[in-house]
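What follows is each chain in one-letter form.
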Amino acid sequence: MTSLLFFADMPASVPGWVPDAFVAFIKIFILVNIILGLVSYTVMAERRLSAAIQDRIGPNRVGVPLGGVNILGLFTMPKWTWWGLGQPLADALKFMLKEEFTPAHVNKFYFWLAPAMAMVPALLTICVIPFSSTTAVTLPFFDYTMKSPGVIADAGIGVLLVFAIASLSVYGIVLAGWASNSKYPFLGGIRSSAQMISYEVAMGLSVIPIFLVMGNLRLSEVIDYQAANGWTVFPLFVSHFYTFHNWQSYVLWIPMLISFLVFLVSAFAETNRLPFDLPESETELVGGYHTEYSAMKFALFFLGEYAAMIVASCLMVTLFLGGWSLPSHTYMSWQTEWWSLLIYPVVFLLKMCLFIILFIWVRWTLPRFRYDQLMGLGWKCILPISLGNIILTGILLAWIG
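Residues numbered from 1 in each chain as written. Predicted model: local features only at pLDDT ≥ 70, side-chain atom pairs only at ≥ 80, totals over all residues. Heavy atoms only, no water.

Trainee: Go over the overall build of the chain, please, and point to the residues and values.
Mentor: Scanning the chain from N- to C-terminus turns up 16 helices and four strands. When each of the 401 residues of the chain is scored for burial, the buried share is 45%. Here the analysis covers contacts within the chain between residues at least 6 apart in sequence; of these, 74% occur between residues at least 24 apart. Carbon and sulfur atoms make up 72% of the accessible area of the chain, which amounts to about 20,300 Å² in all. (Helix = DSSP H or I, 4+ residues; strand = E, 2+ residues; numbered from the N terminus. Buried < 20%, exposed > 50% of the residue type's maximum accessible area, 1.4 Å probe, protein only. Contact = heavy atoms within 4.5 Å. Areas by Shrake-Rupley, 256 points an atom, 1.4 Å probe, with all protein chains shown as cover.)

Okay, structure coming up:
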């Protein structure tokens, strides 16, 4: 009886935080599933692109497994290969059915924790990256105004939050090497921690000139600035295309280009991609930090690398290529329309795919660095260039006034 009186006293209208929380949950659900799907098909894209570079046939046969099935003795079902798009599903099934073996000599708790530490940070950082406009949009079907439709958490310290969470991924690699109680994985973990810490410093310094110019750490504001004043790397690309819009953007183009190149090189090292894949160098360390892992634990390390590559591509799109924006005034005026939620994310995704293709192309083109060359490049070249670029940006900003 008391519970009935309680519900009777409740207001008829739903509290305002309920739809916002529900929409946030829907955005998280959609975004996480999209990222996991992108991770799976990025692996397949790398296999297909590497096959094209090496003039061979990649995975192209896995499809709907109905070929050869006879229906009531009347006809035989054909096999639809769908250009091999079922390959990631076959790989996932293989990893799930493989034996989950944990060696007796490992530290079991940290041995199991390490794969999750390698995968989770990449999924968390994607929540603060704007994949569409953050201007409020009214959905016509539900009569509901979505406040920040293009991002899950529009944090005021967005880029600092990204670096803080992304830096945790090194713990997964270090824990994997240490918990294995084997010298080869341990050496791989030590080398990876030194490499990732070294290039994290350069990556963090490379974005300082961007925020000196834009005066804001919020990633959505960074995209809005580029839409109005020109993309960081392509200052000609503004909302009014082919218009000499802001001469300061052209003056600051050189330090912005240097920031982009430093960030790009650091991203290769942070994601353990060739030519900086020393933590898992097969020729020197048997298999690197994940030598003792099998089945889904190994798959989480494998997927964590590709998830980190996707996050790095999203960051470069946001900071240097104008995010979801295009050089068109008409296109920018769609921000308050509901269909922008369908168009802007596609633009962001296409830009991100360009960087993923670049990651894959470099991997199958350049040879691996030696470890001393990798550390020398980070501390003797990339770090001084980053510091000098900050000074150059400050001088140019003082001159512009």
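Trainee: Which residues make up the confidence of the model for the chain, and what are the values?
Mentor: Summary statistics for the chain give a mean pLDDT of 81 and a share of 84% for residues scoring 70 or more. Confidence, expressed as mean pLDDT per element, reaches its minimum in the chain at helix α1 (residues 2–9) with 39 and its maximum at helix α11 (residues 253–270) with 92. Predicted confidence for residues 1–14 stays below pLDDT 50, and this span has one contact to residues more than four positions away or in other chains. (pLDDT = per-residue confidence, 0-100.)

Trainee: Could you give an account of the packing of aromatic side chains, naming the residues involved and the relevant values?
Mentor: Following the criterion strictly, the structure yields 15 aromatic pairs and no others. Ring geometry for F111 and Y293: centres 4.0 Å apart, planes at 5 degrees, overall stacked. Here F111 is found in helix α4 (residues 108–125), whereas its partner Y293 is found in the loop between α12 (282–285) and α13 (295–320), with 182 residues between them in sequence. What makes Y293 buried here is its relative accessible area of 6%. Ring centres of W324 and Y344 lie 4.7 Å apart, and the angle between their planes is 35 degrees; this geometry places the pair in the tilted category. Of this pair, W324 sits in the loop between α13 and α14 (329–332) while Y344 is found in helix α15 (residues 340–363), placing the two residues 20 residues apart along the sequence. Given a relative accessible area of 2%, W324 falls into the buried group. Members of the aromatic cluster, joined through ring pairs, are F95, F298, F302 and Y306. (Phe/Tyr/Trp six-rings, centres within 6.5 Å; stacked < 30°, edge-to-face > 60°.)

Trainee: Can you tell me about the packing of helix α9 (residues 219–229) against α13, naming the residues and giving the values?
Mentor: Viewed as axis vectors pointing N to C, α9 and α13 meet at an angle of 50 degrees, and their least axial separation amounts to 8 Å. As far as their axial angle goes, α13 and α9 are oblique. Residues L219, V222, I223 and Q226 of α9 lie in contact with α13, whose contacting residues are T318, L319 and F320. Among the residues forming the contact of α9 with α13, the class breakdown is five nonpolar, two polar and no charged. (Axes fitted to C-alpha atoms, helices over the stretch in contact; angles between N-to-C directions. Parallel < 35°, antiparallel > 145°, perpendicular 65-115°, else oblique. Nonpolar A, V, L, I, M, F, W, Y, C, P; charged D, E, K, R; others polar.)

Trainee: Describe in detail the side chain of T393, supporting the description with residues and values.
Mentor: The topology assignment puts T393 in helix α16 (residues 371–400). The buried category is assigned to T393, whose relative accessible area is 0%. The contact partners of T393, leaving out residues within four places of it in the chain, are P209, L212, V213 and P255.

Trainee: Which residues make up the packing of α4 against helix α6 (residues 169–179), and what values go with them?
Mentor: Between α4 and α6, the shortest axis-to-axis distance is 7 Å and the interhelical angle comes to 160 degrees. In terms of orientation, α4 and α6 fall into the roughly antiparallel class. For the element pair α4 and α6, the recorded crossing hand is left-handed. Across the interface between the two elements, Y110, F111, L113, A114, M117, A118 and P121 of α4 pack against S169, Y171, G172, L175, A176, W178 and A179 of α6. Of the residues in the contact of α4 with α6, the class split is twelve nonpolar, two polar and no charged. (Left-handed = near helix turned anticlockwise from the far one by under 90°.)

Trainee: Tell me about the side chain of S206, and please be specific about residues and values.
Mentor: Its location among the elements puts S206 in helix α7 (residues 183–206). When its relative accessible area of 2% is taken as the criterion, S206 is described as buried. Of the polar contacts made by the side chain of S206, one reaches the backbone oxygen of M203; its length is 2.6 Å. When near neighbours in sequence (up to four residues on either side) are disregarded, S206 contacts S259, V262 and F263. (Polar contact = N/O pair within 3.5 Å; in protein donor to acceptor, adjacent residues only side chain to side chain.)

Trainee: With reference to specific residues and values, describe the environment of T138.
Mentor: Checked against the element boundaries, T138 lands in strand β3 (residues 137–139). In this structure the C-alpha to C-alpha distance between T138 and P149, which are eleven residues apart in sequence, comes to 9.8 Å. Setting aside anything within four residues of it in sequence, one finds T138 in contact with Y144, T145 and W338.

Trainee: Can you break down the nonpolar core residue by residue, with the values?
Mentor: Residues I126, I129, F263, I310, M316, L319 and F320 are the most contacted members of the largest nonpolar core, which totals 66 residues. Of the residues forming this core, the biggest block, twelve residues, is contributed by α13. Non-local contacts of I126, meaning those with residues more than four positions away in its chain, are made with L31, I35, V311 and C314. By size, the runner-up hydrophobic cluster in this structure holds 13 residues, among which are V106, A114, L175 and A179. (Core = buried A, V, L, I, M, F, W, Y, C linked by side-chain atoms within 4.5 Å.)

Trainee: Run through the environment of P103, naming residues and quoting values.
Mentor: Position of P103 relative to the elements: it lies in the loop between α3 (87–97) and α4. In the structure, P103 is positioned 189 residues away from E292 in sequence and 7.5 Å away in space, judged by C-alpha atoms. Residues within four places of P103 in sequence aside, it is in contact with K108, F111 and E292.

Trainee: Mind laying out the pattern of salt bridges, listing which residues take part and the relevant values?
Mentor: Per the stated rule, a full pass over the model turns up eight salt bridges. Here R47 ties to D91 by a salt bridge, and the two come within 3.1 Å at their closest N and O atoms. Taken together, the positions of R47 in helix α2 (residues 17–53) and D91 in helix α3 put the pair 44 residues apart, joining distant regions of the chain. Under the relative-accessibility criterion, R47 is labelled partly exposed at 34%. Residue D372 pairs with R370 through a salt bridge whose shortest N-O separation is 3.0 Å. In the salt-bridge network here, residues are joined through shared partners; they are E46, R273, E305 and R363. (Salt bridge = Lys/Arg side-chain N within 4 Å of Asp/Glu carboxyl O.)

Trainee: I'd like to hear about unusual backbone geometry, residue by residue, with values.
Mentor: Here the amide bond leading from L274 into P275 is cis, since omega sits at 5 degrees, within 30 degrees of zero. Secondary-structure assignment places P275 in the loop between α11 and α12. Of note in this structure, D55 is not a glycine but carries a positive phi near 55 degrees. Mapped onto the fold, D55 is located in the loop between α2 and β1 (70–71). Despite not being glycine, N272 shows a phi value in the positive range, around 60 degrees. Counting through the fold element by element, N272 comes out in the loop between α11 and α12.

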